[in-house]
Amino acid sequence: MHIHFIIHESFEAPGAYEDWALNKNHEITHSRVYLGDKLPINIEDIDFLIVMGGPQSPATTREECLHFDSVGEQQLIVSAVNSGKAVVGICLGSQLIGQALGADFEHSPEKEIGKFPIKLTETGHNHELFCHFGNKIEVGHWHNDMPGLTSDAQIIAFSEGCPRQIIAYTDLVYGFQCHMEFTLPVVELLIQSSEGDLNKAMEYRFVDTPEKLRSHDYSEMNKVLFEFLDKLESRYKTHLIE
């Protein structure tokens, strides 16, 4: 399996997603666009396309952020979806998936930074890839926006602060507004890059202080994410055979 990551900033690291790929001995490649890496020209050799988060939005232009090509990434996402690849977007990545499929991103009702519970919808409870999540699970958050909904999209999970935490766009395409990839080193990178937001933690209902962010155990949600990815890999391989 060939897993390709699009990484927008050094502090938006793939964390547990890359840990999973390494543990499975998958081939891993990256487009670290903040370093000037190009997006893949050909999607055919890629099995999983994983699009990470970032401070940008799908509306961010090249003039506003020279290394971020929203249009190019959306075109790549559409190519991957049409080619039957597995596609997972995290935070900004989830918004880019929705945008690429014709659903505009929106601002979330609440800013969320920290570790807070998400709850599964009835669709989520009955979904083969998410039924192991249980009724609710505490996961990482670091966002202001949320992905758009296409006519076929299914909301898998929501939180008190955001009604769209996990979206199923197709059998192989999923948007995670939440950050189940967080590990302590990844969180530390984000803390160092977000001093302004965290200094105002007391102004928001769902923003943790740096001390609280460092105190959380992220390992259990990582394990739940690994099981999701195992299931998605199995589904992808089944699609290849059919």
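Residues numbered from 1 in each chain as written. Predicted model: local features only at pLDDT ≥ 70, side-chain atom pairs only at ≥ 80, totals over all residues. Heavy atoms only, no water.

*Asks:* Tell me about the overall build of the chain, and please be specific about residues and values.
*Replies:* The helix and strand tally for the chain stands at eight helices and ten strands. Computed over its C-alpha atoms, the radius of gyration of the chain comes to 17 Å, within 12% of the 18 Å expected for a compact globule of 242 residues. In terms of overall dimensions, the chain has C-alpha extents of about 50 × 45 × 35 Å along its principal axes. Looking at the chain as a whole, 57% of its 242 residues qualify as buried. For the chain, the computed accessible surface area is about 10700 Å², with 48% contributed by carbon and sulfur atoms. For the chain, the distance from the average position of its 18 positive side-chain charges to the average position of its 37 negative side-chain charges is 4 Å. (Helix = DSSP H or I, 4+ residues; strand = E, 2+ residues; numbered from the N terminus. Rg over C-alpha atoms; globule rule 2.2 N^0.38 Å. Buried < 20%, exposed > 50% of the residue type's maximum accessible area, 1.4 Å probe, protein only. Areas by Shrake-Rupley, 256 points an atom, 1.4 Å probe, with all protein chains shown as cover. Lys, Arg positive; Asp, Glu negative; His and termini not counted. Charge placed at Lys NZ, Arg CZ, Asp CG, Glu CD.)

*Asks:* Go over the nonpolar core, please, and point to the residues and values.
*Replies:* Judged by nonpolar contacts, the single largest core of 49 residues is most densely connected at Phe 130, Phe 176, Met 180 and Phe 228. The contacts of Phe 130, once residues within four sequence positions are left out, are Leu 120, Gly 124, Ile 156, Ile 166, Tyr 174, Phe 176 and Phe 228. If you look at the next biggest cluster of nonpolar residues, it comprises 21 residues, including Val 33, Ile 46, Val 51 and Ile 97. (Core = buried A, V, L, I, M, F, W, Y, C linked by side-chain atoms within 4.5 Å. Contact = heavy atoms within 4.5 Å.)

*Asks:* Can you explain the pattern of salt bridges? Please cite residues and give values.
*Replies:* Scanning all chains against the criterion turns up eleven salt bridges. The salt bridge involving Glu 106 is made with Arg 164; its shortest N-O contact spans 3.2 Å. Taken together, the residues span a long stretch of sequence, with Glu 106 in strand E5 (residues 106-120) and Arg 164 in the loop between strand E7 (154-158) and strand E8 (166-170) at a distance of 58 residues. Since its relative accessible area comes to 12%, Arg 164 is described here as buried. Each of Lys 24, Asp 230, Glu 233 and Lys 237 takes part in salt bridges that share partners, so that together they form one network. (Salt bridge = Lys/Arg side-chain N within 4 Å of Asp/Glu carboxyl O.)

*Asks:* Now, about the packing of aromatic side chains: what can you tell me, with residues and values included?
*Replies:* Counted by the stated rule, this structure contains eleven aromatic pairs. Ring geometry for Phe 130 versus Tyr 174: centroids 5.7 Å apart, planes at 65°, classification edge-to-face. A residue pair is termed long-range when its members are at least 10 positions apart, and Phe 130 in the loop between helix H4 (122-125) and strand E6 (136-146) and Tyr 174 in strand E9 (residues 173-176) qualify at 44 residues. On the accessibility criterion, Phe 130 (0% relative accessible area) is buried. Following the ring pairs from residue to residue traces out a cluster consisting of Phe 130, Phe 133, Tyr 174, Phe 176 and Phe 228. One Lys or Arg, Lys 115, reaches over the ring of Tyr 218 and ends 5.8 Å from the middle of that ring. (Phe/Tyr/Trp six-rings, centres within 6.5 Å; stacked < 30°, edge-to-face > 60°. Lys NZ or Arg CZ within 6 Å of the ring centre and 35° of its normal.)

*Asks:* Give a description of the layout of surface pockets that names residues and reports values.
*Replies:* Put simply, the largest pocket is a space of about 300 Å³. Lining the largest pocket are 19 residues, and of these Gly 54, Pro 55, Trp 142, His 143 and Asn 144 lie nearest its centre. Within the residue set of the lining of the largest pocket, elements represented by two or more residues are helix H3 (92-100), E5, E6 and helix H5 (184-193). Looking at which element gives the most residues to the lining of the largest pocket, the answer is E6, with four residues. Class assignment of the residues belonging to the lining of the largest pocket gives a composition of seven nonpolar, eight polar and four charged. The calculated volume of the second largest pocket comes to roughly 170 Å³. (1 Å grid on protein atoms, 1.4 Å probe; cavity = no way out; pocket = protein on both sides within 12 Å on 5 of 7 lines; lining within 4 Å. Points joined across faces, edges and corners; volume = space filled by probe spheres on them. Nonpolar A, V, L, I, M, F, W, Y, C, P; charged D, E, K, R; others polar.)

*Asks:* I'd love a proper account of the UniProt feature "domain: Glutamine amidotransferase" (unreviewed entry) in the chain, names of residues and values included.
*Replies:* The feature "domain: Glutamine amidotransferase" (unreviewed entry), as annotated in UniProt, sits at residues 43-184 in this numbering. As annotated, residues 43-184 has a helix share of 19% and a strand share of 35%, and its two end C-alpha atoms lie 32 Å apart. (UniProt positions renumbered as here; feature names shortened; annotations may be inferred.)

*Asks:* Please give an account of H3 that cites residues and values.
*Replies:* Across the nine residues that make up H3, a large majority, eight, are buried. Listed as buried for H3 are Leu 92, Gly 93, Ser 94, Gln 95, Leu 96, Ile 97, Gly 98 and Ala 100. One or two positions beyond H3, positive phi appears at Gly 102, with a value near 100°.

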